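Spelled out from the first residue to the last, the chains are:
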Amino acid sequence: MSTYFSKDHEWISVDGDIATVGITNYAQEQLGDVVYVELPDTGKTVAQGDEAAVVESVKAASEVYAPIDGEIVETNGDLADEPAKVNEDPEGAAWFVKMKVGNAAQLSELMDEAAYKAFVETL
Amino acid sequence: MAAPDPQSELKSTPLSDLHEELGARMVPFAGYSMPVQYPTGIMAEHVHTRTHAGLFDVSHMGQAFLVGPDHETTARALEALTPSDFAELGFGRQRYTVLLNNEGGIVDDLMVTRSVSAADDGRLYLVVNASRKDVDYALLRQNLPENVRLETVEDRALIAVQGPDAVAAVAAHAPKAADLSFMGASSMEFDGIDCHISRSGYTGEDGVEMSVPAGAAEPVVRALLADDRVKPVGLGARDSLRLEAGLCLYGHDLDETTSPVEGAITFAMQKRRREEGGFPGADRIQRELAEGPGRVRVGMKLEGRAPAREGAEIHSADGLAIGTVTSGGFAPTLGAPIAMGYVAAGHGAPGTKINLIVRGRALPAEITAMPFVPHRYFRKPKA
């Protein structure tokens, strides 16, 4: 299993042809208290860069973009009742969606953990 | 010519260094670099204000005096631009009002306080929105009679302390603060520093606003923050607090097209002014008072958890577009999303089922009376 990171502060963890996607700890820090997460319908096909979800903090709504092409196969229903989980465990229990990888080649455009850490340091 | 760097042109307040020290996240707001939140975050700051006391730097707001030969003259000069009664305002009494344009639209909303004693009467102290300072001051200067002048205050900070423990925390340093009644103001010493303190604010809680010499702002704030009951609060929670209290934010819930009747702030219009008129746009405003406005500001509660933000369309139950959300977000005290906005006449009754259109989806909601969270202003017990 490999984990990749996008410049939009999403993580994507790939196991076989299924990728789990969420937002990074840096992203949740920037957002502040999360009060609502809007997730896509399962079965929806998204292209890299499409809006895949929306995170609402007390202050504002922020889009979460699909880091790669794929089909949404599962969404994290726990976030409907406990959106604050995104602040508590963004890179674990508060994953957003699982996707069937549509284009594995796109993964190589993403960062590994070390590169993402270095990227965040520049912000 | 190089493009101006917006960051470098932002103004600071006398408390900017302290905000940085406290770990605030600073954002541009109305030309100032202001704290939007401190490390604990908006939700915790909001809850702390409702349960104990929040301290807000509101030094970006405009402080000014109207100075005339006597109270009557100065009051009438301001009455010519507002629909409120200032002639009858008592010593050290404060009133909320709006500056009007010739169409009866709101140029700004502001607080006005009469001087504390007869010794310096003829002065009205104004606190205006940061984003409207230039517009307000120009309007006032153009319209004031020759014997009334505008003096802007550039050397004082403004600090709000709000919440059930706010007055006790301030009174530990300025005992006279405990004697103030709601919307009353007085000059007093805070640890030996001359301050002007009013029992008012913009969160729906009991509390004070303190005008403090710029150089003394930091010691005053440090003294207050040394009290465990008082925590610093940023603009993020200030916004969620005022929204729960049903209070308007200029530029969002009020603008130059909205009248005080549409904005549902007719409490700022005392009886004499409603009847006599004599303010800009009186024809429109008196007609709206008599016949009802074409649109009105309302509160809305959403049934689900998804918030509706400023700009979301409001639809009637049968799908008619009837208005727009002007402020919306999550209400930490209620644990639910709330909004305010304008709906067309006939759609504003509390209990009316509506839909708010968010990202193409219709979110069920209901018109509701405001405030969303009851005000807890201090009322002196009747003798």
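Quantities reported herein were computed from a predicted structural model and do not represent experimental measurements.

*Asks:* What should I look at first to understand helix α2 (residues 42-51) of chain B in this one?
*Replies:* The α-helix advances 3.6 residues per turn, and as a result positions three or four apart in sequence lie on the same side. Residues of α2 of chain B that are buried include every one of Ile-42, Glu-45, His-46, His-48, Thr-49 and Arg-50 of chain B, and no others. Buried positions along α2 of chain B lie against β2 (32-37), β3 (53-57), β9 (156-162), β13 (230-232) and α7 (235-244) of chain B.

*Asks:* When you look at the sheet that holds strand β10 (residues 185-190) of chain B in this model, what are you seeing that I'm missing?
*Replies:* Whenever strands of a sheet pair, they do so through backbone hydrogen bonds, lying parallel or antiparallel. Residues and elements named next belong to chain B. With mixed pairing, the 6 strands of this open sheet are ordered in space as β10-β11-β12-β9-β3-β13. Every interior strand has two partners, whereas the edge strands, β10 and β13, have only one. Pairwise comparison of adjacent strand axes, ignoring direction, gives a mean angle of 30 degrees for this sheet. Lying on the sheet, α2 is in contact with β3, β9 and β13; it crosses β3 at an angle near 120 degrees.

*Asks:* When you look at a negative patch on the surface in this model, what are you seeing that I'm missing?
*Replies:* All names here are of chain A. Taken together, the side chains of Asp-81, Glu-82, Glu-88, Asp-89, Glu-91, Asp-112 and Glu-113 make up a negatively charged region of the molecular surface. Among the structural elements, Asp-89 can be located in the loop between α3 (85-88) and β9 (97-101). On the basis of relative accessible area, Asp-89 is assigned to the partly exposed category, the value being 33%.

*Asks:* For this particular structure, what's the right way to read the interface of chain B and chain A?
*Replies:* Interface size is often expressed as the accessible area that is lost when the parts come together. Contacts between the two partners involve 15 residues from chain B and, on the opposite side, 17 residues from chain A. Across the chain B/chain A interface, buried area totals approximately 1500 Å², and carbon plus sulfur atoms make up 48% of it. When the buried surface of chain B facing chain A is broken down by residue, Arg-305, Arg-309 and Arg-359 of chain B rank first, second and third, together holding 41% of it. If you look at where chain B meets chain A, you find 4 salt bridges. Of the charged contacts, one joins Glu-38 of chain A and Arg-359 of chain B as a salt bridge, the two residues approaching to 2.9 Å between their closest N and O atoms. Linking chain B with chain A are 11 residue pairs in polar contact (both at pLDDT 80 or more), by the criterion used here. At the level of elements, α2 and β16 (321-331) of chain B are the ones that each hand at least two residues to the side of chain B that touches chain A. The greatest single-element share of the side of chain B that touches chain A, amounting to 3 residues, is contributed by α2 of chain B. Classifying every residue of the side of chain B that touches chain A by side-chain character gives 7 nonpolar, 3 polar and 5 charged.

*Asks:* What is the right way to read the environment of Arg-273 of chain B from this model?
*Replies:* All names here are of chain B. Structurally, the position occupied by Arg-273 is in helix α8 (residues 271-276). Measuring from C-alpha to C-alpha, the distance between Arg-273 and Thr-82 comes to 9.1 Å, with 191 residues separating the pair along the chain. The residues touching Arg-273, leaving out its near neighbours within four places in the chain, are Glu-79, Thr-82, Pro-83, Ser-84, Asp-85, Gly-278, Phe-279 and Gln-286.

*Asks:* What exactly am I supposed to notice about the sheet that holds strand β8 (residues 149-153) of chain B here?
*Replies:* All names here are of chain B. Strand order in the open sheet formed by 5 strands is β5-β6-β7-β4-β8, with antiparallel pairing between adjacent strands. Only two strands of the sheet have a single neighbouring strand rather than two, namely β5 (94-100) and β8. In this sheet, adjacent strand axes meet at a mean angle of 30 degrees when their direction is disregarded. Examined bridge by bridge, strand β4 (residues 62-67) and β8 share 5 bridges and lie antiparallel to one another. Bridge assignment links Val-67 to a residue of β8, and that residue is Arg-149. Packing against the sheet, helix α3 (residues 71-79) makes contact with β4, β5, β6 (106-114) and β7 (123-128), and its axis sits at approximately 30 degrees to β7.

*Asks:* How should the packing of aromatic side chains be read in this particular structure?
*Replies:* Between two aromatic rings, the relevant description is the distance of the centres plus the angle of the planes. Inspection of the entire model under this criterion finds 5 aromatic pairs over all chains. On the basis of an interplanar angle of 45 degrees and a centroid distance of 6.2 Å, the ring pair of Tyr-116 of chain A and Phe-119 of chain A is categorised as tilted. Within this pair, Tyr-116 of chain A and its partner Phe-119 of chain A are both found in helix α4 (residues 113-121), separated by 3 residues, close to a single helical turn. The burial state of Tyr-116 of chain A is the same as that of Phe-119 of chain A; both residues are buried. With a centroid separation of 5.6 Å and an interplanar angle of 25 degrees, the aromatic rings of Tyr-96 of chain B and Phe-267 of chain B are classed as stacked. You can see Tyr-96 of chain B sitting in strand β5 and its partner Phe-267 of chain B sitting in the loop between α7 and α8, a full 171 residues away along the chain. Three or more aromatic residues link up through ring pairs in this structure, and these residues are Phe-5, Tyr-116 and Phe-119 of chain A. When the ring centre of Phe-91 of chain B is taken as reference, the NZ or CZ atom of Arg-114 of chain B above it lies at 4.2 Å.

*Asks:* Even after reading the chapter, I still don't get the domain arrangement of chain B, so can you show me in this structure?
*Replies:* Residues and elements named next belong to chain B. Domain annotation for chain B reports domain 1 (16-56 + 156-244) and domain 2 (294-368). Just the C-alpha atoms count here: the centres of domain 1 and domain 2 sit 31 Å apart. Between domain 1 and domain 2 the total buried area reaches about 670 Å² when both faces are included, carbon and sulfur atoms providing 71% of it. It is Met-43, Leu-243 and Glu-244 in domain 1 that bury the most area against domain 2; as a group they hold 67% of the surface buried on that side. Our count for the domain 1 to domain 2 interface comes out at 0 salt bridges. There are 4 residue pairs in polar contact (both at pLDDT 80 or more) connecting domain 1 and domain 2. Listing elements by their share of the side of domain 1 that touches domain 2, those giving two or more residues are α2 and α7. Per element, the largest residue contribution to the side of domain 1 that touches domain 2 is 4 residues, and it comes from α7.

*Asks:* Would you explain the pairing of strand β7 (residues 61-65) of chain A in this entry?
*Replies:* Consecutive side chains of a regular strand alternate in pointing toward one face of the sheet and then the other. All names here are of chain A. Here 5 bridges tie strand β6 (residues 51-57) to β7, and the two strands are oriented antiparallel to one another. Looking at β7, one finds that Glu-51 is bridged to Tyr-65. Taken together, β6 and the strand that follows it, β7, pair antiparallel across an intervening segment of 3 residues.

*Asks:* How do you make sense of the nonpolar core when you look at a structure like this?
*Replies:* Grouped burial of nonpolar side chains is what soluble globular proteins tend to show. All names here are of chain B. In this structure, Leu-254, Met-300, Ile-314, Ile-354 and Leu-356 are the most contacted members of the largest nonpolar core, which totals 54 residues. Residues lining this core come from more than one domain, with at least three contributed by each of domain 1 (16-56 + 156-244) and domain 2 (294-368). Beyond its immediate stretch of four places on either side in the chain, Ile-314 contacts Met-300, Leu-320, Ala-321, Ile-322, Gly-323, Thr-324, Val-325, Tyr-342, Val-343, Ile-354, Asn-355 and Leu-356. Listed in part, the 29 residues of the second largest apolar core include Ala-53, Ala-157, Ala-174 and Phe-190.

The rules behind these values
Residues numbered from 1 in each chain as written. Chains lettered and ligands numbered in written order. Predicted model: local features only at pLDDT ≥ 70, side-chain atom pairs only at ≥ 80, totals over all residues. Heavy atoms only, no water. Buried < 20%, exposed > 50% of the residue type's maximum accessible area, 1.4 Å probe, protein only. Helix = DSSP H or I, 4+ residues; strand = E, 2+ residues; numbered from the N terminus. Contact = heavy atoms within 4.5 Å. Pairing = 2+ DSSP bridges. Axes fitted to C-alpha atoms, helices over the stretch in contact; angles between N-to-C directions. Patch = residues over 30% accessible without salt bridge, like charges linked within 9 Å, V, L, I, M, F, W, Y side chains within 5 Å. Areas by Shrake-Rupley, 256 points an atom, 1.4 Å probe, with all protein chains shown as cover. Salt bridge = Lys/Arg side-chain N within 4 Å of Asp/Glu carboxyl O. Lys, Arg positive; Asp, Glu negative; His and termini not counted. Charge placed at Lys NZ, Arg CZ, Asp CG, Glu CD. Buried area = accessible area lost by both parts, 1.4 Å probe. Polar contact = N/O pair within 3.5 Å; in protein donor to acceptor, adjacent residues only side chain to side chain. Nonpolar A, V, L, I, M, F, W, Y, C, P; charged D, E, K, R; others polar. Phe/Tyr/Trp six-rings, centres within 6.5 Å; stacked < 30°, edge-to-face > 60°. Lys NZ or Arg CZ within 6 Å of the ring centre and 35° of its normal. Domains from an automatic or database assignment. Core = buried A, V, L, I, M, F, W, Y, C linked by side-chain atoms within 4.5 Å.

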